[in-house]
Amino acid sequence: MSETRRQSYSQKEKEKTFEKEFLPHIDSMYNFAYRLTFDEDDAKDLVQDTYLKAYRFIESFEKGTNAKAWLFRILKNSFINDFRKKSKQPSKVDYQEVETFYNSEDVDQSITTDLRIETVQDMIGDEISNALNSLDVDFRTVIILCDLEGFKYDEMAKILDIPIGTVRSRLHRARNLLKERLSDYAKKMGYKN
Amino acid sequence: MGLSSTDSFDESSSRNAQGVQPDHKECLKILNLVLDEEAGPKEQEYFKKHIENCMPYYEIYNVDKAIKELIKQKCYDKEVPSDLVDQIKSKVFQGAEE
C-alpha cells in the first residue's frame, strides 16, 4: 500500500471514484472516528479530514483495491498525527511501552476469565460498548477493525503498519482485556458467573 | 500472506488430539484464527477435533464467538450527522475547481 504506483485519473474518474468507492464507507468511518475520539465534533473533523486527504492523494489509490482499508489507514494516521496530540482524553499509555508489552508476548496461556456464555448473552449492549470504550486505544482499534468491520489480519496489518504477528498478539490480548472488563461488570451486576 | 498464520501449526499435535491428552497450547493459538475465519482447513479440522473432547475450550470458543457477535450488533451505534456528506462534497469539489 505504501509503495503503490501512482495512478492516473481524469477529473471525471476522480469524482466517480470518490462518490462510488469512498463515500459509501462514511458510516463505518464515522463510527470508527467516534470510537477513537469519543467526541462528535472531533469525529466529524476527523472524517472530513480523511476524505479531503483521500481526494488529494487519490493518485496513490490503486484502482480495484480495497478502498475501505485504504480510507481506514488514512483515518488512523490522521488520528495519530493530528488528533491524539490535542485529544481531550486522559493521556494514553506511551505507545512504545505498549508495544514492548505486547512483544514480551507470553501470550497468556491461562484462561483469563470465568465468563459464561449465558452471562454474555444476557448483556444488552451498553456493557459491551462501555467495555470496548474502556480499552486503551490500540487494543480498542484491533477489535473494531476485526470484529466490527470484518477486516482480515493482512488488511489490519496494512492499516496499522504492523506485522501480522503483532496483529494476532494484540488482538488476543485485547480480547482477554475485554473479557476481564465484562467479567468485572457481570460480577458487579450480580450475574452468576 | 494469509498462510503465515499456519507457521506455528504442528501436524504431530493434530495426531495427539485423537489421544487422551489434547494439546491445549496449540489449540489456544488456533482459537482466534478459527474465530476470525483465518484458519486453514487443517487448523480448522484440528480445532474441531480438539473442542469435541475439551469442555473448557468449547466454552471459551463459544463465549468468544458470542462476544464477537454482540460487538457487531451493539457497537455500530453512531449515526453520521446528516450534513456531513454534503459538507465533504462541497469542500472536496470546490477545492478541485479552484
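Cut-offs applied
- Residues numbered from 1 in each chain as written.
- Chains lettered and ligands numbered in written order.
- Predicted model: local features only at pLDDT ≥ 70, side-chain atom pairs only at ≥ 80, totals over all residues.
- Heavy atoms only, no water.
- Helix = DSSP H or I, 4+ residues; strand = E, 2+ residues; numbered from the N terminus.
- Polar contact = N/O pair within 3.5 Å; in protein donor to acceptor, adjacent residues only side chain to side chain.
- Axes fitted to C-alpha atoms, helices over the stretch in contact; angles between N-to-C directions.
- Parallel < 35°, antiparallel > 145°, perpendicular 65-115°, else oblique.
- Contact = heavy atoms within 4.5 Å.
- Nonpolar A, V, L, I, M, F, W, Y, C, P; charged D, E, K, R; others polar.
- Phe/Tyr/Trp six-rings, centres within 6.5 Å; stacked < 30°, edge-to-face > 60°.
- Buried < 20%, exposed > 50% of the residue type's maximum accessible area, 1.4 Å probe, protein only.
- Core = buried A, V, L, I, M, F, W, Y, C linked by side-chain atoms within 4.5 Å.
- Domains from an automatic or database assignment.
- Salt bridge = Lys/Arg side-chain N within 4 Å of Asp/Glu carboxyl O.
- Expected span 1.5 Å × (residues − 1).
- Buried area = accessible area lost by both parts, 1.4 Å probe.

*Asks:* Could you clarify how one ought to interpret the side chain of A:Asp39 in this entry?
*Replies:* Tracing the backbone shows A:Asp39 in the loop between helix 2 (26-37) and helix 3 (40-56). Reaching out from A:Asp39, the side chain makes a polar contact with the backbone nitrogen of A:Asp41 at a distance of 3.0 Å.

*Asks:* Honestly, the packing of helix 3 (residues 41-52) of chain B against helix 4 (residues 55-74) of chain B in this entry has me stumped. Any pointers?
*Replies:* Helix-helix packing is described using two parameters, namely the angle between the two axes and the distance between the axes. Residue and element names in this part refer to chain B. For the pair helix 3 and helix 4, interaxial distance at closest approach is 7 Å and the crossing angle is 120°. Considering the angle they form, helix 3 stands oblique to helix 4. In this structure, helix 3 contributes Phe47, His50 and Ile51 to the contact, and helix 4 contributes Tyr57, Tyr58 and Tyr61. Here the residues of the contact of helix 3 with helix 4 sort into five nonpolar, one polar and no charged.

*Asks:* Would you take a moment to explain the packing of helix 8 (residues 137-148) of chain A against helix 4 of chain B for this structure?
*Replies:* Contact geometry for helix 8 of chain A and helix 4 of chain B: axes closest at 9 Å, N-to-C directions at 90°. Between helix 8 of chain A and helix 4 of chain B, the angle is such that the two are roughly perpendicular. Where helix 8 of chain A abuts helix 4 of chain B, its residues A:Ile143, A:Cys146, A:Asp147 and A:Leu148 lie against B:Lys68, B:Ile71 and B:Lys72. Of the residues contributing to the contact of helix 8 of chain A with helix 4 of chain B, the split by class is four nonpolar, no polar and three charged.

*Asks:* Would you take a moment to explain the packing of aromatic side chains for this structure?
*Replies:* The way to describe two aromatic rings as a pair is by their centre distance and the angle between their planes. Residue and element names in this part refer to chain A. Under the defined criterion, the tally for this structure stands at eleven aromatic pairs over all chains. Ring geometry for Phe18 against Phe22: centres 5.9 Å apart, planes inclined by 70°, an arrangement best described as edge-to-face. Taken together, the residues Phe18 and Phe22, both in helix 1 (residues 11-22) and four residues apart, mark about one turn of the helix. We note that Phe18, like Phe22, is buried.

*Asks:* Which parts of the structure should I look at to understand the nonpolar core?
*Replies:* If you look at soluble globular proteins, the nonpolar side chains tend to sit buried side by side. All names here are of chain A. Within the largest apolar cluster, 84 residues are counted, with the highest numbers of intra-cluster contacts made by Phe22, Val47 and Tyr51. Of the residues that make up this core, three or more belong to each of domain 1 (11-86) and domain 2 (95-188). If we ignore the near neighbours within four places in the chain, the residues touching Phe22 are Thr17, Tyr51, Ala54, Ile58, Phe61, Ala67, Trp70 and Leu71.

*Asks:* Is there a simple way to think about the pattern of salt bridges in this case?
*Replies:* Opposite charge on two side chains permits pairing when their charged atoms draw close. Residue and element names in this part refer to chain A. Per the stated rule, a full pass over the model turns up 16 salt bridges over all chains. Between Lys14 and Glu59 there is a salt bridge whose closest N-O contact spans 3.8 Å. With Lys14 in helix 1 and Glu59 in the loop between helix 3 and helix 4 (67-86), this residue pair connects regions lying 45 residues apart in the sequence. Classification of Lys14 as buried rests on a relative accessible area of 17%. Residue classification places Glu59 among the buried positions, given a relative accessible area of 18%.

*Asks:* What am I meant to see in helix 2 of chain A here?
*Replies:* Spacing of three or four residues puts side chains on the same side of an α-helix, whose turn is 3.6 residues. Residue and element names in this part refer to chain A. With twelve residues, helix 2 ought to run about 16 Å at 1.5 Å a step, and its terminal C-alpha atoms sit 16 Å apart, in line with that. The element helix 2 is largely enclosed, with a buried count of eleven among its twelve residues. Of all the residues in helix 2, the buried ones are Ile26, Ser28, Met29, Tyr30, Asn31, Phe32, Ala33, Tyr34, Arg35, Leu36 and Thr37. Among the residues trailing helix 2, Phe38 stands out with phi positive, at a value near 55°.

*Asks:* Looking at this structure, I do not really get the interface of chain B and chain A. What am I missing?
*Replies:* By a widely used convention, the size of an interface equals the accessible area lost when the partners come together. Facing 42 residues of chain B, the contacting portion of chain A comprises 48 residues. Between chain B and chain A, the buried area comes to about 4,300 Å², and carbon and sulfur atoms account for 66% of it. Summed over the three residues of chain B that lose the most area to chain A, namely B:Ile71, B:Tyr76 and B:Lys78, the buried surface amounts to 15% of that side. The interface formed by chain B and chain A contains six salt bridges. Note that A:Glu40 is salt-bridged to B:Lys78, the shortest N-O span being 2.8 Å. In this structure, the connection of chain B to chain A is made through 16 residue pairs in polar contact (both at pLDDT 80 or more). Those elements that place two or more of their residues in the side of chain B that touches chain A are helix 2 (24-35), helix 4 and helix 5 (84-97) of chain B.

In short, shape yes, function no, at least from these values alone.
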